[in-house]
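Coordinate inspection notes
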Amino acid sequence: NNAWPLDMIKISNSSPFLLPWYFKYLGPFKYTFFISELERDRTIPEVKLGGIRINFKPHPRLEVGLSRVAMIGGKGRPSIGGNEILSIFFGENIANIKEDTSNQIAAIDFSYKLPLKWKILEHAELYGEWGGEDEAGGLPTKPGYIIGIYLPKLTKDGRTDLLLEYAKTHKVWYSHRIYQTGYSYKGSIIGHHIGGD
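A brief look at the structure comes next. Once a new chain begins, its residue numbering starts again from 1 and follows that chain's sequence as written. Given that this is a predicted model, residues contribute local features only at a pLDDT of at least 70 and side-chain atom pairs are listed and counted only at 80 or more, while totals for whole chains, interfaces and linings are drawn from all residues. Only heavy atoms go into the side-chain values, all of them from the structure, while hydrogens and water stay out.

A word on the nonpolar core
What tends to happen in soluble globular proteins is that the nonpolar side chains get buried as a cluster. Put simply, the test is: Each nonpolar core is a collection of buried residues, namely Ala, Val, Leu, Ile, Met, Phe, Trp, Tyr and Cys, held together in the definition by side-chain atoms within 4.5 Å. Think of it in three bands: residues with accessible area under 20% of the maximum for their type are buried, residues over 50% are exposed, and the middle band is partly exposed, with areas taken using a 1.4 Å probe on protein chains only. Any two residues whose heavy atoms approach within 4.5 Å at even a single point are treated as in contact.
Leu38, Ile44, Val47, Leu49, Val69, Met71, Ile105, Trp173, Tyr174, Ile178, Tyr179 and Tyr183 together form the largest nonpolar core, which totals 12 residues. Leaving out residues up to four positions away in the same chain, leucine 49 has contacts with Phe34, Ile35, Ser36, Leu38, Val69, Ala70, Met71, Tyr183 and Ile190.

As structure tokens, this is what we get:
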């Protein structure tokens with residue numbers, strides 16, 4: 001029997017909206033929250049994976065995103081309640097538990113559409129992401145980053161594009177001393193395709 005009755009719970013807004021007060025200057029706002037349970041065939045079965053992503057567009061060409069994801073619980077791990085889950089999600093370990101209670105990653109990313117005046121190519125997209133593993137002093141540690149440029153529709157028929165990307169991850173990003181199977185699902189990495197290499 002599976003103790004978790006659902007594969008995933010996801011909550012998001014279907015269309016962007018403006019936040020009140022001064023936050024309206026962040027532009028159209030979107031959010032996604034999810035919680036799921038990973039497979040049983042891993043070092044710690046039935047681990048919960050939860051995350052939140054916030055996107056906003058302060059300019060029609062610029063989009064900014066904030067992401068946070070955490071692995072918690074699982075068979076044989078300490079029992080964690082609702083308030084403790086919120087504490088973990090904001091980067092705190094549980095005071096009365098001496099070992100790690102989670103495996104977390106946080107990131108900020110952006111994409112910017114560069115207007116071009118070429119006949120075929122109307123725009124190029126410059127994008128980047130900076131993130132880190134777990135937390136130390138309020139900030140993520142062991143950082144990694146991605147920077148890239150995407151050129152869509154290089155030919156008249158629109159079937160050719162070009163993507164140039166440089167990525168630097170960290171060897172511990174997709175593994176963990178307790179959650180040894182790490183950020184993976186049935187052998188596939190949940191994250192950048194190069195993994196921790």
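More follows now that the structure is in view.
A word on the environment of phenylalanine 33
Condition: Labels follow the DSSP assignment, with helices taken as runs of H or I lasting at least four residues and strands as runs of E lasting at least two, numbered in each case from the N terminus.
Along the chain, the position of phenylalanine 33 falls in strand E2 (residues 29-37). When the C-alpha positions of phenylalanine 33 and glycine 51 are compared, they lie 5.7 Å apart, and in sequence the two are 18 residues distant. Discounting residues that sit within four places of it in the chain, phenylalanine 33 has contacts with Ile9, Lys10, Ile11, Gly51 and Ile52.

With respect to the side chain of asparagine 13
For clarity, the cut-off: Here a polar contact means two N or O atoms within 3.5 Å. Within protein one must be a hydrogen donor candidate and the other an acceptor candidate, and residues neighboring in sequence count only if both atoms are side-chain atoms.
When you line up the elements, asparagine 13 lands in the loop between strand E1 (8-12) and E2. Overall, asparagine 13 belongs to the buried group, its relative accessible area being 10%. Separated by 3.1 Å, the side chain of asparagine 13 and the backbone oxygen of serine 15 make a polar contact. A polar side-chain atom of asparagine 13 sits 2.8 Å from the main-chain amide nitrogen of tyrosine 31. If we ignore the near neighbours within four places in the chain, the residues touching asparagine 13 are Phe29, Lys30 and Tyr31.

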